[in-house]
Amino acid sequence: MKVEDLFNQKNIVELSFFNFRNAITAAYYANEDFEILKVNDNFLQFFPVLGNVSNAYFPDVLEQLGVPGVQIDTWITGIREDGAVRIPEIHISDNGNSRVYALMSARTKDPSFSYLNGIQGQFVDRTEEWALRHEREELLEQKIRDREIIEEKSSQLEHLATRLAKYLSPQIYESIFAGKQDGSTRTKRKNLTIFFSDIEHFTDLSDTLEPERLTSVINSYLSEMSAIAIQCGGTIDKFIGDAVMVFFGDPESDGEEEDALKAVEMALLMQQRVGELQSHWKKLGVPKHMRVRMGITSGFCTVGNFGSEKRLDYTVLGGPVNLASRLEGLAEPGCVLISESTCNLISEHVACEPVGEINPKGFARPVEVFKVLEFRSAEHRDRMLRRRLSRSGSHVEVNVIDSSNIRAAIEELRRIQQDFEQQLDS
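In this text, all values refer to a predicted model and were calculated from it rather than measured experimentally. (Residues numbered from 1 in each chain as written. Predicted model: local features only at pLDDT ≥ 70, side-chain atom pairs only at ≥ 80, totals over all residues. Heavy atoms only, no water.)

Peer 1: Just give me the short version of the environment of I230, but keep the residues and values in it.
Peer 2: Tracing the sequence through the fold places I230 in helix α9 (residues 211-231). If we ignore the near neighbours within four places in the chain, the residues touching I230 are P170 and I236. (Helix = DSSP H or I, 4+ residues; strand = E, 2+ residues; numbered from the N terminus. Contact = heavy atoms within 4.5 Å.)

Here it is, written out as structure tokens:
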């Protein structure tokens, strides 16, 4: 007689299922033929649509619950081949309510009671866990999308800022993006040094050159003059055709004397650079040497945002602006004229030659005018020599056409050197 014959089969099955009776999961027990023998109360509560499932074929129960065929096949294969299976995510709908369950099943074996050899398993309700995970995934996806949008907008803003920078002096551009400029029509009174320049007979040059060549000439000229102005710390106010207006002392000032010295250094560097570019412009069709007149004065001006609510211009107004323009108009081509006020600030460091008095229109009294010759100090003269972008020797003459990228010019010289060395070796 076997041990199992001494006990009531129903009681043994009931006893073996004791741990699942009050479990929070939906538990079931099936025989080896996948027929359900026992379920707990939660199974009936989880799946009321099933009704009485005793002796029902478990894969059919899964199908009735709407479990996809692929997952049912996975369950059957897992039990038959591995003796256990875990399906982490099963979506079951009941009266329009969708819930998520994990199904875990395993074969049971008992050497003493053959009728306990079957399959035990349980459905674990993971709806809230899945909803939280799904919500987290959505939040992560939204975060990624937001980051992509931010990066795209930042890229657009950076591109816009780069383009905007070309329309503003660097100092004004930086003050706007640093939040120092609020877009209001505010102005202030400051002691500034004002610079004006224009090209001799530029109107005749405009009528002579083809538009494309004229564009190349004027753009190269303004680019080089702008680079020097920025290098010397000047604020570029505007271009009026070929004319250039720059001021020193705003938004930042190094003191009245230093501002005036920087303006004069800039003017001399500009004249030097114009001389270096003559051969380049000649190749573009400029028939004669381009010569530039320049005027500089110092005095109190009103500086700030002028204009309307629709459009503002950060500029300078006042008598010194008019005087600098008059001095530029009176200057000989290739010369720099300065007023007495500027001369008084720089005379210790710059050699100047008196030109005489002028009576500018709109001024109550004559103005003493001086012509800039050169810096007195060897330090300034050496610095200007170092900034020359044209070099000539006994056998070679080098002229950097575009000073915006000196490193690129150096690399180009190295390539030329390598070409010559290869010619010597061949």
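Peer 1: Could you give an account of the sheet that holds strand β5 (residues 118-125), naming the residues involved and the relevant values?
Peer 2: Across a sheet, strands are paired by hydrogen bonds formed along the backbone, either parallel or antiparallel in direction. Taken together, the five strands give an open sheet; going across it, the order is β2-β1-β5-β4-β3, and neighbouring strands pair in antiparallel fashion. The open sheet terminates on both sides in strands that have one partner only, identified here as β2 (36-39) and β3 (84-94). Across the sheet, the mean angle from the axis of one strand to that of its neighbour is 25 degrees, orientation sign disregarded. With three bridges connecting them, strand β1 (residues 26-31) and β2 associate as antiparallel partners. Looking across to β2, one finds that Y29 is bridged to K38. (Pairing = 2+ DSSP bridges. Axes fitted to C-alpha atoms, helices over the stretch in contact; angles between N-to-C directions.)

Peer 1: So, helix α12 (residues 319-330): which residues are in play, and what are the values?
Peer 2: Quick reminder: α-helices carry 3.6 residues per turn. Residues three or four places apart thus point the same way. Here α12 spans 17 Å end to end across twelve residues, near enough to the 16 Å set by a 1.5 Å rise per residue. Of all the positions in α12, only P320, V321, L323, A324, L327 and E328 are classed as buried. For α12, the angular spread of the buried residues around the axis is 165 degrees, confining them to a single face. (Expected span 1.5 Å × (residues − 1). Buried < 20%, exposed > 50% of the residue type's maximum accessible area, 1.4 Å probe, protein only. Arc of directions from axis to C-beta.)

Peer 1: With reference to specific residues and values, describe the environment of G241.
Peer 2: Tracing the chain through its elements places G241 in the loop between β7 (235-240) and β8 (243-248). Through-space distance from the C-alpha of G241 to that of I199 is 9.7 Å; in sequence the pair is 42 residues apart. Other than its neighbours up to four places away in sequence, G241 contacts I218 and L222.

Peer 1: Before we move on, could you go through unusual backbone geometry and cite the residues and values that matter?
Peer 2: Residues D250 and P251 are joined by a peptide bond in cis, for which omega reads 0 degrees. Counting through the fold element by element, P251 comes out in the loop between β8 and α10 (256-276). A positive phi angle, near 70 degrees, is found at F34, a position not held by glycine. With respect to the secondary-structure elements, F34 resides in the loop between β1 and β2. Judged by its relative accessible area of 3%, F34 is buried. The backbone of H201 sits at a positive phi, close to 55 degrees, despite the residue not being glycine. By secondary structure assignment, the location of H201 is in the loop between β6 (187-199) and α8 (202-208).

Peer 1: Just give me the short version of the packing of aromatic side chains, but keep the residues and values in it.
Peer 2: Evaluated as defined, the whole model comprises 13 aromatic pairs. Seen from their ring centres, F58 and W75 are 4.8 Å apart, and the 45 degrees between their planes marks the pair as tilted. A residue pair is termed long-range when its members are at least 10 positions apart, and F58 in helix α4 (residues 58-64) and W75 in helix α5 (residues 69-82) qualify at 17 residues. W75 shares its class with F58; the two are buried. Ring centres of Y101 and F123 lie 6.2 Å apart, and the angle between their planes is 85 degrees; this geometry places the pair in the edge-to-face category. (Phe/Tyr/Trp six-rings, centres within 6.5 Å; stacked < 30°, edge-to-face > 60°.)

Interpretation note: all reported values are geometric properties and have no functional meaning in isolation.
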